[in-house]
Amino acid sequence: IVRQEVEIVKIDKNTVTIKTPLLLDIITSYEAQLVEWKHLSEVGIEHLRFTFPNTPRVAHHVEQGYNAIFLTRLHNSWVRDVVIHNAESGILTEEIANVTLEDIVTSGDNIAHYTVAMGGVHNVLVKNLKVYNDAVHPLSFNTFSSKDVYQNCEIFTHPNLDQHAGANHQNLFDNVTVHLTPKSDNKYALFLAGGAEYWRPSHGAFTTFWNINVAVNGTYDVLKPIELNGMEDGPFARLIGVHGNHNLKLNYGPDAYIESVNQPITEAPSLYEYQLKKRLK
């Protein structure tokens, strides 16, 4: 159930050399397969606005189909400078790799399912996404997503950082800002475990939250910390530099590595940019 889109750079008899490292070891019992991936390359969508009508919400997964963009089977492509208003899902993805989606704005009065979702994708960067509308899953690493990044994104309404089960792993929430109002008990489920039960756990090892900025507003007990919770079955996560304008407490399990709570990371605000510069050297 794990997939990774890779580029072959050399074939020498029975030895195949690929451009990027495998995320998992190949063991004989896994019966791994190398399959040709039919796709498009160098596709760009930019400088557009989508506006959908105001429509009443029916139910979860029973939307009417007001979705702006569906990217599928793309490699080395991009979406840039797009505004999406009143969509049920702004940008949906499946079977794409090495794609950048940047400077996207979602807004509207309707409740969306997704804004910019990552499902079945590899090496995808969502950068500078601004979410002004209500959405069930504002940022979501969905089934089969691996090595993807939400960078410099901001959620202004009812935020959650969703991981939708189904073998998604080694993904990164990077330098993300969320605006939230805690419940009366000073708790807020920021780390959402979406997806169907049969796909769980909610994510694989090494999902990382780096330098998450939490802007707390509304009415709450200012003498107590705000507890951020919601994830119970996502193993071996890394939460580093979760901070905000109020004292925070993190509850994430199992076996999460938590460091620098209530301390912004100033020397390397973006882990993605830090690693990119090291690779380019």
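Up top is the structure these notes are about.
Before going into details, it helps to say that this report is about the structure given with it. (Residues numbered from 1 in each chain as written. Predicted model: local features only at pLDDT ≥ 70, side-chain atom pairs only at ≥ 80, totals over all residues. Heavy atoms only, no water.)

### Observations concerning the overall build of the protein chain
At step 1: Counting its regular elements, the protein chain contains one helix and 23 strands.
At step 2: In terms of overall dimensions, the protein chain is globule-like: its C-alpha atoms have a radius of gyration of 19 Å, near the 19 Å expected for 281 residues.
At step 3: Counting only C-alpha atoms, the protein chain reaches 70 × 45 × 40 Å along its principal axes.
At step 4: Taking all 281 residues of the protein chain together, the buried fraction comes to 46%.
At step 5: When contacts within the protein chain are restricted to residue pairs at least 6 apart in sequence, those whose partners lie at least 24 apart make up 60%.
At step 6: For the protein chain, the separation between the mean place of its 22 positive charges and that of its 31 negative charges on side chains is 5 Å. (Helix = DSSP H or I, 4+ residues; strand = E, 2+ residues; numbered from the N terminus. Rg over C-alpha atoms; globule rule 2.2 N^0.38 Å. Buried < 20%, exposed > 50% of the residue type's maximum accessible area, 1.4 Å probe, protein only. Contact = heavy atoms within 4.5 Å. Lys, Arg positive; Asp, Glu negative; His and termini not counted. Charge placed at Lys NZ, Arg CZ, Asp CG, Glu CD.)

### Some words on the packing of aromatic side chains
At step 1: Applying the stated rule across the entire model yields eleven aromatic pairs.
At step 2: Between Phe 141 and Tyr 150, the ring centres sit 5.0 Å apart and the planes meet at 50°, which makes this aromatic pair tilted.
At step 3: What makes Phe 141 buried here is its relative accessible area of 0%.
At step 4: Classification of Tyr 150 as buried rests on a relative accessible area of 0%.
At step 5: Summarising the aromatic geometry, the rings of Phe 209 and Tyr 252 are spaced 5.6 Å apart at their centres and angled 65° between planes, so their arrangement reads as edge-to-face. Of the two residues, Phe 209 is situated in strand S17 (residues 208–210) and Tyr 252 in strand S22 (residues 248–252); the sequence distance between them amounts to 43 residues. (Phe/Tyr/Trp six-rings, centres within 6.5 Å; stacked < 30°, edge-to-face > 60°.)

### Let's talk about the side chain of Thr 55
At step 1: Here Thr 55 lies in the loop between strand S4 (44–51) and strand S5 (67–85).
At step 2: Leave out the neighbours within four places in its chain, and Thr 55 touches Gln 64, Tyr 66, Glu 88 and Asn 110.

### Overview of the environment of Gln 33
At step 1: With respect to the helices and strands, the residue Gln 33 is situated in the loop between strand S2 (15–18) and strand S3 (40–41).
At step 2: Residue Gln 33 is classed as exposed on the basis of its relative accessible area of 69%.
At step 3: Taking the C-alpha atoms as reference points, Gln 33 and Lys 278, separated by 245 residues in sequence, lie 32 Å from one another.

### As for the pattern of salt bridges
At step 1: Per the stated rule, a full pass over the model turns up seven salt bridges.
At step 2: The closest approach of N and O atoms between Lys 130 and Glu 154, which form a salt bridge, is 3.2 Å. Here Lys 130 is found in strand S8 (residues 122–131), whereas its partner Glu 154 is found in strand S11 (residues 154–155), with 24 residues between them in sequence.
At step 3: Here Glu 197 and Arg 200 are joined by a salt bridge, their closest N and O atoms 3.4 Å apart.
At step 4: The class of Glu 197 is exposed, set by a relative accessible area of 60%.
At step 5: Residue Arg 200 is classed as partly exposed on the basis of its relative accessible area of 29%.
At step 6: Three or more residues are tied together by salt bridges with common partners; here these are Glu 46, Arg 80 and Glu 102. (Salt bridge = Lys/Arg side-chain N within 4 Å of Asp/Glu carboxyl O.)

### Let's talk about the environment of Asn 229
At step 1: Looking at where Asn 229 falls in the secondary structure, it is placed in strand S19 (residues 226–231).
At step 2: Judged by relative accessible area, Asn 229 falls into the buried class, the value being 16%.
At step 3: With 22 residues separating them along the chain, Asn 229 and Asn 251 place their C-alpha atoms 4.9 Å apart.
At step 4: Among residues more than four places away in sequence, those in contact with Asn 229 are Lys 187, Tyr 188, Ala 189, Leu 190, Phe 191 and Asn 251.

### Describing the environment of Leu 239
At step 1: Structurally, Leu 239 can be placed in strand S20 (residues 238–240).
At step 2: Spatially, the C-alpha atom of Leu 239 lies 6.3 Å from that of Trp 210, the residues being 29 residues apart in sequence.
At step 3: If near-sequence neighbours (up to four positions away) are discounted, Leu 239 is found in contact with Phe 191, Phe 209, Leu 250, Tyr 252, Ala 256, Tyr 257, Ile 258 and Glu 259.

### Observations concerning the side chain of Gln 151
At step 1: If you trace the backbone, Gln 151 turns up in strand S10 (residues 149–151).
At step 2: Of note is the side chain of Gln 151, whose polar atom sits 3.1 Å from the side chain of Glu 273.
At step 3: Once residues within four sequence positions are removed from consideration, Gln 151 is found in contact with Leu 125, Val 126, Lys 127, Asn 128, Asp 174, Ser 270, Tyr 272 and Glu 273. (Polar contact = N/O pair within 3.5 Å; in protein donor to acceptor, adjacent residues only side chain to side chain.)

Treat this as a map of the structure, not an account of what it does.
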